[in-house]
Amino acid sequence: MFENLRRSLREMLDSGRTDDRALLNRMRETLVQARVGLGELREGVTQARLALDAKRRELETVVRRRVQAEGIGDEETVRVAKRYEAELTARIDVLTRKLTVQEEEVMVAEREVAEMTSDLRRAIGAPPPPPQAPIDPLADEQSAALDELSSLERQRTRAAREASAEALLAELKRRMGK
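How each quantity is defined
- Residues numbered from 1 in each chain as written.
- Predicted model: local features only at pLDDT ≥ 70, side-chain atom pairs only at ≥ 80, totals over all residues.
- Heavy atoms only, no water.
- Helix = DSSP H or I, 4+ residues; strand = E, 2+ residues; numbered from the N terminus.
- Buried < 20%, exposed > 50% of the residue type's maximum accessible area, 1.4 Å probe, protein only.
- Areas by Shrake-Rupley, 256 points an atom, 1.4 Å probe, with all protein chains shown as cover.
- Salt bridge = Lys/Arg side-chain N within 4 Å of Asp/Glu carboxyl O.
- Polar contact = N/O pair within 3.5 Å; in protein donor to acceptor, adjacent residues only side chain to side chain.
- Contact = heavy atoms within 4.5 Å.
- Axes fitted to C-alpha atoms, helices over the stretch in contact; angles between N-to-C directions.
- Parallel < 35°, antiparallel > 145°, perpendicular 65-115°, else oblique.
- Left-handed = near helix turned anticlockwise from the far one by under 90°.
- Nonpolar A, V, L, I, M, F, W, Y, C, P; charged D, E, K, R; others polar.

Visitor: Would you explain the overall build of the chain in this entry?
Guide: Along the chain, the regular secondary structure elements total four helices and zero strands. Along the chain, helices (α) and strands (β) appear in the sequence α-α-α-α when read from the amino end. Considering the chain as a whole, with its 178 residues, one finds that 30% of them fall into the buried category. Accessible surface computed for the chain: about 11,600 Å², of which carbon and sulfur atoms make up 53%.

What follows is the structure, given as structure tokens:
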């Protein structure tokens, strides 16, 4: 997904001119774009999960109605329910595969963003942080830029969580008839 962005970052690193402020700023912008794209991928996964859950609930309802129709001998309702059940099952299978692919795409994108972040740190001369150690944003101007990137990622993540919560709330209100 981030092939063009990674290529751009690699070209900047390979040029050997990493002391150029404009070049470093372009690298930061590239990384910000990659993180935004990663956020969009994560939001897609969230939406796919919501859609899959909705279809599963719908299937449960159809199965319950089919069983009830069988119990009272309503053959027409049973026939329609079976057809709809088959359609929903096929749709659920597709959504499940789609979700799996999207989750894998997020994992690949997360690795790419981590590599790009590492490349940027190397370009600005910042040592890679030790595992699980926080980055000191007051260390220097370059660390402040990395902190800004982290802040943008946190804001994006928070916005995605809020959007997901809003979608769930809207669905709940819709089901409750409000």
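Visitor: Mind showing me how you'd approach the environment of Asp119 here?
Guide: For Asp119, the location among the structural elements is in helix H3 (residues 75-124). For the pair Asp119 and Met27, spaced 92 residues apart in sequence, the C-alpha to C-alpha distance is 9.3 Å.

Visitor: What should I look at first to understand the pattern of salt bridges in this one?
Guide: Opposite charge on two side chains permits pairing when their charged atoms draw close. Applying the stated criterion to the full structure yields 10 salt bridges. Here Glu171 ties to Arg57 by a salt bridge, and the two come within 3.7 Å at their closest N and O atoms. Residue Glu171 is found in helix H4 (residues 141-176), and its partner Arg57 is found in helix H2 (residues 21-72); the two are separated by 114 residues along the sequence. A relative accessible area of 23% places Glu171 in the partly exposed class. Judged by its relative accessible area of 28%, Arg57 is partly exposed. The residue Arg79 makes a salt bridge to Glu76 at a minimum N-O spacing of 2.5 Å. Of this pair, Arg79 and Glu76 are both found in helix H3, three residues apart, which corresponds to roughly one turn of the helix. Here Arg79 falls in the partly exposed class, since its relative accessible area comes to 45%.

Visitor: I keep staring at the side chain of Glu43 and nothing clicks. Help me out?
Guide: Position of Glu43 relative to the elements: it lies in helix H2. Within the structure, Glu43 has its side chain in polar contact with the side chain of Gln47 (distance 2.7 Å). Excluding residues within four positions of it along the chain, Glu43 makes contact with Ala160 and Ala163.

Visitor: Just checking my understanding: could you explain the packing of H2 against H3 for this structure?
Guide: The description of two packed helices rests on the angle between their axes and on the distance between the axes. Orientation of H2 relative to H3, taken along the N-to-C sense of each, is 160°, at an axis distance of 8 Å. Compared by their axis directions, H2 and H3 come out roughly antiparallel. The two elements H2 and H3 cross, and the hand of that crossing is left-handed. Split by residue class, the contact of H2 with H3 holds 28 nonpolar, seven polar and 16 charged.

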